[in-house]
Amino acid sequence: MADMEQANRDVANAFRLYNQIPAMYVVTIPLGGDLGTPATRNTQLRPEPFLCKRVSWATTGDTLRFYGLPMTMNASIHGGVVECRFGDSFTTFLGQNAGLVRAVFGDSNGFLELGKGILLQGSQPVEVSLTRLAWPGFSANDEADGAPPAETRWDFVFHGVGLLPQGVEASGAAG
Amino acid sequence: MRPEDGYPATPAQRHLVPAGIGRQARHATRGPWPGRNLGDTRTALDKFLDQPEMQDFTAVVAKYVISAVLGPNPGDNIEAITQLRPEPFVLETITWATDGDLNLPPDTGAGFPFWSWSQQGRAIDIKWGDSFTTFLGRNPSLLSALFGDSNGFLDLPAVALFQGSQNLSVELRRLFWPFQFLADGEPTFFNNPRNIRVDIVFHGVGLLPKGVNQSGSVG
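Residues numbered from 1 in each chain as written. Chains lettered and ligands numbered in written order. Predicted model: local features only at pLDDT ≥ 70, side-chain atom pairs only at ≥ 80, totals over all residues. Heavy atoms only, no water.

1. As for the overall build of chain B
On a plain count of helices and strands, chain B comes out with three helices and ten strands. Along its sequence from the N terminus, chain B presents helices and strands in the succession α-α-β-β-β-β-β-α-β-β-β-β-β. Looking at chain B residue by residue over its 219 residues, the buried ones come to 51%. Counting every atom, chain B has about 10400 Å² of accessible surface; 55% of that belongs to carbon and sulfur. (Helix = DSSP H or I, 4+ residues; strand = E, 2+ residues; numbered from the N terminus. Buried < 20%, exposed > 50% of the residue type's maximum accessible area, 1.4 Å probe, protein only. Areas by Shrake-Rupley, 256 points an atom, 1.4 Å probe, with all protein chains shown as cover.)

2. Focus: the overall build of chain A
The helix and strand inventory of chain A stands at three helices and ten strands. Within chain A, contacts between residues at least 6 apart in sequence are counted, and of these 77% link residues at least 24 apart. In the form shown here, chain A has an accessible surface area of approximately 7800 Å², with 51% of it arising from carbon and sulfur atoms. (Contact = heavy atoms within 4.5 Å.)

3. Details of the packing of aromatic side chains
Within this structure, the stated rule accounts for 15 aromatic pairs over all chains. Both rings, one in Phe86 of chain A and one in Phe158 of chain A, keep their centres 6.4 Å apart while their planes meet at 35°; by these two values the pair is tilted. Here the residue Phe86 of chain A occupies a position in strand β4 (residues 82-87), and Phe158 of chain A occupies one in strand β10 (residues 152-165), the gap between them amounting to 72 residues. Residue class for Phe86 of chain A comes out buried when judged on its relative accessible area of 12%. Of the residues examined, Phe158 of chain A reaches a relative accessible area of 3% and is grouped as buried. For the pair Trp177 of chain B and Phe179 of chain B, a centre-to-centre distance of 6.0 Å together with 55° between the ring planes defines the contact as tilted. An aromatic cluster of three or more residues is present, and its members are Trp57, Phe86, Phe93, Phe105, Trp154, Phe156 and Phe158 of chain A. (Phe/Tyr/Trp six-rings, centres within 6.5 Å; stacked < 30°, edge-to-face > 60°.)

4. Observations regarding the confidence of the model for chain A
Interpretation of this model should avoid reading the predicted coordinates in detail wherever pLDDT is low. Scored by pLDDT, chain A comes out at a mean of 82, with 77% of its residues at no less than 70. Looking at the elements of chain A, mean pLDDT is at its lowest for helix α1 (residues 2-14) of chain A, recorded as 62, and at its highest for strand β7 (residues 125-132) of chain A, recorded as 96. (pLDDT = per-residue confidence, 0-100.)

5. Some points on the sheet that holds strand β2 (residues 39-44) of chain A
All names here are of chain A. Taking strand neighbours across the sheet as the criterion, the four strands line up as β2-β7-β4-β5 in an open arrangement whose pairing is antiparallel. Strands at the two margins of the open sheet, each flanked by one partner only, are β2 and β5 (99-100). Note that β2 and β7 share six bridges and pair antiparallel. Bridging across to β7, Thr40 finds its partner in Ser129. (Pairing = 2+ DSSP bridges.)

6. Let's talk about unusual backbone geometry
At Ser123 of chain A, a position not held by glycine, the phi torsion is positive, near 55°. With respect to the secondary-structure elements, Ser123 of chain A resides in the loop between β6 (112-120) and β7. At Ser165 of chain B, a residue that is not glycine, the phi angle is positive and equals roughly 55°. Looking at the secondary structure, you find Ser165 of chain B in the loop between β6 (153-162) and β7 (167-174).

7. What to know about the confidence of the model for chain B
Residues and elements named next belong to chain B. Across chain B, the average pLDDT comes to 75, with 68% of residues at or above 70. When the criterion is pLDDT under 50, residues 1-9 qualifies, and its contacts beyond four places in sequence or with other chains add up to 16 contacts. Note on residues 12-39: pLDDT is under 50 here. Beyond four places in sequence and across chains, it has 67 contacts. What the predictor reports for the complex is a pTM of 0.79 with an ipTM of 0.79.

8. Describing the sheet that holds strand β2 (residues 77-83) of chain B
Residues and elements named next belong to chain B. What the four strands build is an open sheet, ordered β2-β7-β4-β5; its pairing is antiparallel. The sheet is open, and its two borders are formed by β2 and β5 (141-142), each paired with just one other strand. Both strand β4 (residues 124-129) and β5 contribute to a ladder of two bridges, which runs antiparallel. Counterpart to Ile126 in the pairing with β5 is Ser141.

9. Structural notes on the environment of Ala59 of chain B
Along the chain, the position of Ala59 of chain B falls in strand β1 (residues 57-70). Aside from chain neighbours lying at most four places away, what touches Ala59 of chain B is Leu49, Val205, Gly206 and Leu207 of chain B.

Right, dumping it as structure tokens:
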């Protein structure tokens, strides 16, 4: 805890000359039901630098309609069968190794704090790439059942602050 | 069991208190909670109000509710607004919930609406903003993705300052009705499509001139 508090003080000191305004960016990815084909989408950042502090996500796949099982689950079904990569123009954050969405971003019952945050240059895309590994279902009497494979929507929201020069209160304002 | 972990304070009852601080800890950005938090004991609002230019204001608790009724058909949408009071509003936290995650009579079904998370929040997308700013730009987001799931609340990484006497607005759009599963290979509704109510609550403080302790007071 002491390290985290120091990290937060370091971040606050590093950006004390900036006006910090809340910023949220959404990357929406339609992911098909077929296996192995990556789907990649991005969102363009505004001109000011973006300090990303948190990522939250959800998918339409975690509804009854797409897993077809009339029971509740305590964890994301689809997040356990889809892997992701994410990054900006400069950095692939996971390197060469994709990660299951649930593993990388935490389960979609909450959100993932990034601690010190990730500083992203403005005016560039933030990108997320997904690959489906399986279509979840259940079997009864050795027969596969549940909803058939279909396209699901995945939204990743990057939360943080935009860093504006002192005296500039709104993104895009001239002065 | 620490007193700050919630009310009532007995371990046996702890899991029955959804508003308990201990259960909300994972969604909070402040507080000395172990685990998923930033470890900072001062909130973004605390830091904002500590600024020299904020010392001329009295901060009063402010909460605004936007309540929207959304239809059950794919493509149904609704825009709902709330009017801010005259004083500036500093937004710190957003919470939301819907009655759409409940199995209400006279719906048929097994009657166990025992969801661990919001089904509706994954079948509805949202845009929000005020008169000046559309916070998500052109890209709506799934409700559960943006505000976290309706099991808790979301602290904003930095406060948002809104001019008074303007509208906060929310636009919701239904993508599909989520309560559908296959029974014997046939699509079946677990609970029937209907209008649902979605409430989104904006929590923060109103900034009043020094010496004015109530919104609407002249002096």
